[in-house]
Amino acid sequence: MSAFLTALSGVMTPQCLLPMLACCVLGIIFGALPGLSGTIGVTLLLPLTFAMDSNIGMSMLIAIWVGGVSGGFISATLIGIPGTTSSIATCYDAYPLSKKGQTTKALGVGIFASFIGTFFSCVIAMLLSPYIAKVAVLMGPWEIFSLCICAIVLVVSMSKDNIYKGLGAASMGLLFSSVGMAPIDAYKRLTFGTYNLYGGIDRVGLMLGLFAVCIVVMNYVKKDNDYVIEDTKGRIHGLGITLGEIKSNLVNMIRSFLIGLWIGFLPGMGAGLSNMVAYAQAQSASKHPETFGKGNIEGIFASETSNNASVGGALIPMSTLGIPGDATTAVLLGGLIIHGLEPGPLLFTNAPSTVYCMYIAAIVAAVFVFALQFAGMRLFPKILKIPYHYLYPTILVFCFVGAFSSTNNAFNIWVMLFFGAFGILMTLGGLPRSPFILAFVLGKMIEQNLRRGLSYSEKGVLSFLTRPVSAVFLAVALFSLVLPIIRGRLKRKT
Amino acid sequence: MKKDRIVGGVMAAAGLGAAAYASTIPAPTGSADPGSGLFPMIGAVGLLLCGCGTFFSAGKSGRRPEEKEKPALSKEEAKRLGWVSAILVGYGVMLYLIGFYISSVLALYALITVFSYEKKIAFWKKLLFSVVVTAGVWLIFRYLLLVMLPSGILF
């Protein structure tokens, strides 16, 4: 208790709160700009915190991270381009809703869901992290492999029109994730003789191409720029959503929250995965699944609650086991080491006030981000008043610079352009992008855990079926894949 | 129907090519590790099977045979795609050769011109906007975010 109070008194000082507020603003900007993310923000800020008090430094880093995860939905809502991988699923409904002239409502749902996700996940993380972490260590390569497969299949099952195309897109994602040095033995695959591909395809370049370049170019080509600009004068109250809408999404939010928290605390996964899984679950549980992708607020609630719940989830293995939940927590771990602390199971014993400080900072940052986004909610839609022929070229320049800055290499610009063209071909061919991006993001982890699972066990492939948790994940995957097909056949018969 | 046949055919061909490549990756001997070839092979076989599935299921989606399939892009749309692609590739080449400043002004100017369709925008307005945005992006990335921008191999 004394450690908690020490941490609380450390964070609740103007010396800590003011820099945190500035970092939240910066985090939102980083999250909203395509190509940048909270991870880049944390990386850039890290050297500036060297000379600071460790509690203030860590609080600032966490503030920029929370701002970055939450800010990603702004560009997803306004222009249909996810600021980060954590808001890919947000695009599907927030952008169409915004195009219909309900930008403030889409933003309001995003702000509310983001706050609920971050705030409660951090509170739960603070209270239960030592207990939850004990469960996390029981997950072996078999369970992680099966979970990843389950997540991909859940997203594939969203492409009900043609399941072959969904699975085909996922297979392409797996193939592209094979580019570069293989895990375990570092065998160079599909590098075409260029050293630029030894490390694999950069995720930022791929995402910018597949979403930003593809969307901007296709909107121009198809003349699909008929945006309904919302008149917000005196019409919007509060967050622009009703209590009834929140009540009707309560189950959806709780489910998405648990998905986000669970995925967040699994090593290597995070908000990039949880938003798509929660979206797929919300769609399959909805009474009106056909309205998803056309501006249904259930999709925004699901995506934004889950990706922000992953913030608290990712803090659990980081603080209790010294294992990063995602890329940002890996950088934060580096920050702990720089400040003279040793991450791992003993961190709670050696520096309990620092651990509590991180949780409190995340909760305070969630409140700051909520207040900042609420204040800016009526200003963000003004971006859409910029004429189309000025807005889209500016976005494209930001994409080029974002792709370059993510690796400091001009090669990444070509990666972005390649995937821009690939995204256009996928759109024209009717191939869904979600299974592709998810399979690409998880590919390396799937391969690593598949090979580890096969190497560690004498039972070979059977070991994935004989371990109960792994078997449950695979059964859920199979069920999700077969159910829409059976439903479709039954519908046709009746 | 025809579109799905083409998509399925391309997917199957790509899957076949990837499978042929994956089969050349050597597998380790005397170890339970299946080697680096297994994973691309899984992706390749998946792509091949799904390509075949897409190809053979084409036309079973309920479309009546008399319904004519629209082309994916009209002539006008294909022309617009060609223009914007040329500008983006040109911008990429210019960034590599002459760096951020001049290439961004030129690319912005060209993009504003094509994105405004038939609408005429004054030369000075386009140029002024291009210069201001380029300067703004440079200031944000160079001084606020401390990120280097491409300087070009010719300078």
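Structure's up top.
Residues numbered from 1 in each chain as written. Chains lettered and ligands numbered in written order. Predicted model: local features only at pLDDT ≥ 70, side-chain atom pairs only at ≥ 80, totals over all residues. Heavy atoms only, no water.

Asks: How should I be thinking about the overall build of chain B in this particular structure?
Replies: The helix and strand inventory of chain B stands at five helices and zero strands. In chain B, the succession of helices and strands from N to C terminus is α-α-α-α-α. Over its C-alpha trace chain B gives a radius of gyration of 24 Å, far above what one expects of a compact globule, namely 15 Å for 155 residues. C-alpha atoms of chain B, sized along the principal axes, occupy 60 × 60 × 25 Å. Relative to its full complement of 155 residues, chain B shows a buried share of 38%. Pairs at least 24 apart in sequence give 63% of the contacts found in chain B among residues at least 6 apart. Of the accessible surface of chain B, which amounts to about 9000 Å², a share of 70% is contributed by carbon and sulfur atoms. Mean positive and mean negative side-chain charge positions of chain B (16 and 8 charges, respectively) differ by 9 Å. (Helix = DSSP H or I, 4+ residues; strand = E, 2+ residues; numbered from the N terminus. Rg over C-alpha atoms; globule rule 2.2 N^0.38 Å. Buried < 20%, exposed > 50% of the residue type's maximum accessible area, 1.4 Å probe, protein only. Contact = heavy atoms within 4.5 Å. Areas by Shrake-Rupley, 256 points an atom, 1.4 Å probe, with all protein chains shown as cover. Lys, Arg positive; Asp, Glu negative; His and termini not counted. Charge placed at Lys NZ, Arg CZ, Asp CG, Glu CD.)

Asks: Explain the overall build of chain A here, please?
Replies: If you tally the helices and strands in chain A, you get 21 helices and two strands. Its C-alpha atoms give chain A a radius of gyration of 22 Å, near enough to 23 Å, the size a compact globule of 494 residues would have. With the C-alpha coordinates of chain A rotated into their principal frame, the extents come out at 70 × 65 × 50 Å. Expressed as a percentage of the 494 residues in chain A, the buried residues total 62%. Long-range pairs, those at least 24 residues apart, make up 78% of the contacts in chain A between residues at least 6 apart in sequence.

Asks: Can you help me understand the interface of chain B and chain A in this one?
Replies: For an interface, size is often stated in terms of accessible area lost upon the parts coming together. Across the contact, 61 residues belong to chain B and 59 residues belong to chain A. Between chain B and chain A the total buried area reaches about 5400 Å² when both faces are included, carbon and sulfur atoms providing 77% of it. Inspection of the region where chain B meets chain A yields four salt bridges. Two residues, Glu77 of chain B and Lys222 of chain A, come together in a salt bridge whose shortest N-O distance is 3.5 Å. Taken together, the connections running from chain B to chain A amount to eleven residue pairs in polar contact (both at pLDDT 80 or more). At the level of elements, helix H1 (2-22), helix H2 (38-57), helix H3 (75-98), helix H4 (100-115) and helix H5 (123-144) of chain B are the ones that each hand at least two residues to the side of chain B that touches chain A. Counting residues per element, the side of chain B that touches chain A draws most heavily on H2 of chain B, which supplies twelve residues. (Buried area = accessible area lost by both parts, 1.4 Å probe. Salt bridge = Lys/Arg side-chain N within 4 Å of Asp/Glu carboxyl O. Polar contact = N/O pair within 3.5 Å; in protein donor to acceptor, adjacent residues only side chain to side chain.)

Asks: Sorry, what's going on with the pattern of salt bridges here?
Replies: Side-chain pairs of opposite charge can arise whenever the charged atoms involved come near each other. Enumeration over the complete set of coordinates arrives at nine salt bridges over all chains. A salt bridge links Glu143 of chain A to Arg467 of chain A; the nearest nitrogen and oxygen atoms lie 2.8 Å apart. Here Arg467 of chain A lies in the loop between helix H20 (463-466) and helix H21 (468-493) and Glu143 of chain A lies in helix H7 (residues 141-156), a separation of 324 residues in the sequence. Overall, Glu143 of chain A belongs to the buried group, its relative accessible area being 5%. For Glu447 of chain A, the salt bridge goes to Arg189 of chain A, with nearest N and O atoms at 2.6 Å. Of this pair, Glu447 of chain A sits in helix H19 (residues 433-456) while Arg189 of chain A sits in strand E2 (residues 188-189), and the two are 258 residues apart along the sequence. Using a relative accessible area of 0% as the deciding quantity, one classes Glu447 of chain A as buried. Overall, the relative accessible area of 0% leaves Arg189 of chain A in the buried class. It is possible to trace a salt-bridge network through shared partners that takes in Asp185, Arg189, Glu447 and Arg451 of chain A together with Asp33 of chain B.

Asks: Teacher, can you tell me more about helix H12 (residues 271-285) of chain A here?
Replies: Residues and elements named next belong to chain A. Spanning 15 residues, H12 covers 21 Å between terminal C-alpha atoms, matching the ideal 21 Å at 1.5 Å per step. By the criterion of burial, H12 is predominantly enclosed, with twelve of the 15 residues buried. Buried residues in H12 make contact with helix H5 (88-99), H7, helix H11 (250-264), helix H13 (297-320) and H19. (Expected span 1.5 Å × (residues − 1).)

Asks: Honestly, the packing of aromatic side chains in this entry has me stumped. Any pointers?
Replies: Two measures describe an aromatic ring pair: the distance that separates the ring centres and the angle between the ring planes. All names here are of chain A. Tallied over the full model, the rule gives 32 aromatic pairs over all chains. Note on Phe4 and Tyr356: the rings are 5.8 Å apart at their centroids and 90° apart in plane angle, and the pair reads as edge-to-face. Placement of Phe4 in helix H1 (residues 2-11) and of Tyr356 in helix H16 (residues 352-376) is noted, with a sequence separation of 352 residues between them. Relative to Phe374, the ring of Phe370 lies with its centre 6.4 Å away and its plane at 10°, an arrangement referred to as stacked. (Phe/Tyr/Trp six-rings, centres within 6.5 Å; stacked < 30°, edge-to-face > 60°.)

Asks: Help me out: how do you make sense of empty space enclosed by the protein in this one?
Replies: In this approach the atoms are scanned with a rolling probe the size of a water molecule, which exposes any empty space left behind. Residue and element names in this part refer to chain A. This model, assessed by the stated rule, comprises one cavity of 30 Å³ or more. What lines the largest cavity is simply Val66, Ser70, Ile111, Ser114, Phe115, Thr118, Ala366, Val369, Phe370 and Gln373. Elements supplying a minimum of two residues to the lining of the largest cavity: helix H4 (54-78), helix H6 (103-136) and H16. Looking at the lining of the largest cavity residue by residue, the classes come out as six nonpolar, four polar and no charged. (1 Å grid on protein atoms, 1.4 Å probe; cavity = no way out; pocket = protein on both sides within 12 Å on 5 of 7 lines; lining within 4 Å. Points joined across faces, edges and corners; volume = space filled by probe spheres on them. Nonpolar A, V, L, I, M, F, W, Y, C, P; charged D, E, K, R; others polar.)

Asks: What should I look at first to understand the environment of Lys3 of chain B in this one?
Replies: Position of Lys3 of chain B among the secondary structure elements: in helix H1. Judged by relative accessible area, which is 35%, Lys3 of chain B ranks as partly exposed. With 68 residues separating them in the primary sequence, Lys3 of chain B and Pro71 of chain B have C-alpha atoms 8.4 Å apart. Side-chain polar atoms of Lys3 of chain B contact the backbone oxygen of Leu428 of chain A, separated by 3.4 Å.

Asks: How should I be thinking about the packing of H4 of chain B against H5 of chain B in this particular structure?
Replies: The description of two packed helices rests on the angle between their axes and on the distance between the axes. Residues and elements named next belong to chain B. The geometry of H4 relative to H5 is characterised by a closest axis approach of 9 Å and an angle of 135° between their N-to-C directions. Classified by the angle their axes make, H4 and H5 are oblique. Seen from above, H4 lies across H5 with right-handed handedness. When H4 is examined against H5, the residues Phe100, Tyr101, Ser104, Val105, Leu108, Tyr109, Ile112 and Thr113 are found in contact with a partner set consisting of Phe123, Lys126, Leu127, Phe129, Ser130, Val131, Val133, Thr134, Val137 and Trp138. Grouping the amino acids of the contact of H4 with H5 by side-chain chemistry returns 13 nonpolar, four polar and one charged. (Axes fitted to C-alpha atoms, helices over the stretch in contact; angles between N-to-C directions. Parallel < 35°, antiparallel > 145°, perpendicular 65-115°, else oblique. Left-handed = near helix turned anticlockwise from the far one by under 90°.)

Nothing here speaks to function; it is geometry throughout.
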